[in-house]
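Structural features, examined
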Amino acid sequence: MAFPSQLLISMGVKVAIVILTIVTLILLDPAYVTAYISINYEIVIIYLVSALTLLYCIVSVLMSFLLAKRGEDTPLTNCAFSEIIFATAGIMGWLIIIGIGGTISQRTIIETGERFGWIGAMAGLNVGCFLIIAAIFAANVVSEKILQRQSRFNKYDRGVYMQ
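These lines cover the structure that appears in this document, whether it is placed above or below. For clarity, every value in this text was computed on a predicted model and none was experimentally measured.

On to helix α1 (residues 5-27). The terminal C-alpha atoms of α1, which comprises 23 residues, lie 33 Å apart, in line with the 33 Å expected from a rise of 1.5 Å per residue. The set of residues buried in α1 consists of Q6, L7, S10, M11, V13, K14, I17, L20, T21, T24 and L27.

Pasting the structure below:
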């Protein structure tokens, strides 16, 4: 079973995203969250984005394994478009969490503020990982659909086939 390089790299990045998301959820200890401040909707947003991220990573890795069964020459255009869309959604969700972590860390006491500062840092790393995934698959779409198409059109010169 040969993996296309884009799928292999993105699977490694998704493993890093899962680890960073689990660390974020560990930092979101309910004892600290409920003891000092009343920020229920912000906590729910963090839990929601984390859950959607974990779901996306698991489903995407399973999809990558199924695509790898097809072989090395399988076109990844539809997969690339869906990965770009979901990576962009992940970027937006984790950017919101960066803002939540930053504002809560500034307005609370030392223990809770430090935890939410680290949550913001983990969210920043997740944004970077999602940017890597989007860049990998955007480069794949550009190389398969734009650059290959130009080389196909250059084979013809004034209606005569050139090799």
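Let us look at the packing of aromatic side chains. Describing an aromatic ring pair means giving the distance of the ring centres and the angle of the ring planes. Evaluated as defined, the whole model comprises two aromatic pairs. Ring centres of Y56 and F86 lie 5.8 Å apart, and the angle between their planes is 45 degrees; on these two criteria the pair is classed as tilted. Of this pair, Y56 sits in helix α3 (residues 40-70) while F86 sits in helix α4 (residues 77-107), and the two are 30 residues apart along the sequence. Residue classification places F86 among the partly exposed positions, given a relative accessible area of 48%. Centroid distance Y56 to F130: 5.9 Å. Interplanar angle 35 degrees. Geometry classified as tilted. Residue Y56 is found in helix α3, and its partner F130 is found in helix α5 (residues 110-153); the two are separated by 74 residues along the sequence.

Together, L48, L52, L55 and V59 give the surface a local cluster of nonpolar side chains, amounting to about 390 Å² of exposed area. Relative to the elements of secondary structure, L48 occurs in helix α3.

So, about the packing of α1 against α3. Between α1 and α3, the least distance of the axes is 10 Å, while the angle of their chain directions is 155 degrees. Classified by the interaxial angle, the pair formed by α1 and α3 is roughly antiparallel. Helix-helix and strand crossings are classified by hand; for α1 and α3 the assignment is left-handed. Each of L7, M11, K14, I17, V18, T21, T24 and L25 in α1 lies in contact with α3, whose residues at this interface are I46, Y47, S50, T53, L54, Y56, C57, S60, V61, S64, F65 and L67. Among the residues forming the contact of α1 with α3, the class breakdown is 13 nonpolar, six polar and one charged.

Scoring rules and cut-offs
- Within each chain, residue numbers correspond to sequence positions counted from 1 in written order.
- Note on the predicted model: pLDDT of at least 70 is required for a residue's local features to be given, and 80 or more for side-chain atom pairs to be given and counted; whole-chain, interface and lining totals, by contrast, use all residues.
- In computing side-chain values, all of the structure's heavy atoms are included and hydrogens and water are not.
- For the purposes of this entry, the term helix denotes a DSSP run of H or I that reaches at least four residues, the term strand denotes a run of E that reaches at least two, and both are numbered from the N terminus.
- A helix is expected to span 1.5 Å multiplied by its residue count minus one.
- Accessible area is worked out with a 1.4 Å probe on protein chains only. A residue is then buried under 20% of its type maximum, exposed over 50%, and partly exposed in between.
- Classification of ring pairs rests on two measures: the distance between centres of Phe, Tyr or Trp rings, Trp counted by its six-membered ring, which must be within 6.5 Å, and the angle between planes, read as stacked under 30 degrees, edge-to-face over 60 and tilted in between.
- A patch consists of residues whose relative accessible area exceeds 30% and which take part in no salt bridge; residues with like charges are grouped when within 9 Å of each other, and nonpolar side chains (Val, Leu, Ile, Met, Phe, Trp, Tyr) when within 5 Å.
- Note on areas: Shrake-Rupley, 1.4 Å probe, and residue coverage restricted to the protein chains presented here.
- One speaks of a salt bridge when a side-chain nitrogen belonging to Lys or Arg is within 4 Å of a carboxyl oxygen belonging to Asp or Glu.
- Orientation is described by axes fitted as lines to C-alpha atoms, over the contacting stretch for helices, and by angles from 0 to 180 degrees between their N-to-C directions.
- In this scheme, roughly parallel covers angles under 35 degrees and roughly antiparallel covers those over 145, while 65 to 115 is roughly perpendicular and the rest are oblique.
- Less than a right angle of anticlockwise turn of the near helix away from the far helix marks a crossing as left-handed, whereas a clockwise turn marks it as right-handed.
- Note on contacts: a residue pair is in contact if any heavy atoms of the two residues lie within 4.5 Å.
- In this count, Pro and Cys sit with the nonpolar residues alongside Ala, Val, Leu, Ile, Met, Phe, Trp and Tyr, while Asp, Glu, Lys and Arg are called charged and the others, Gly among them, polar.

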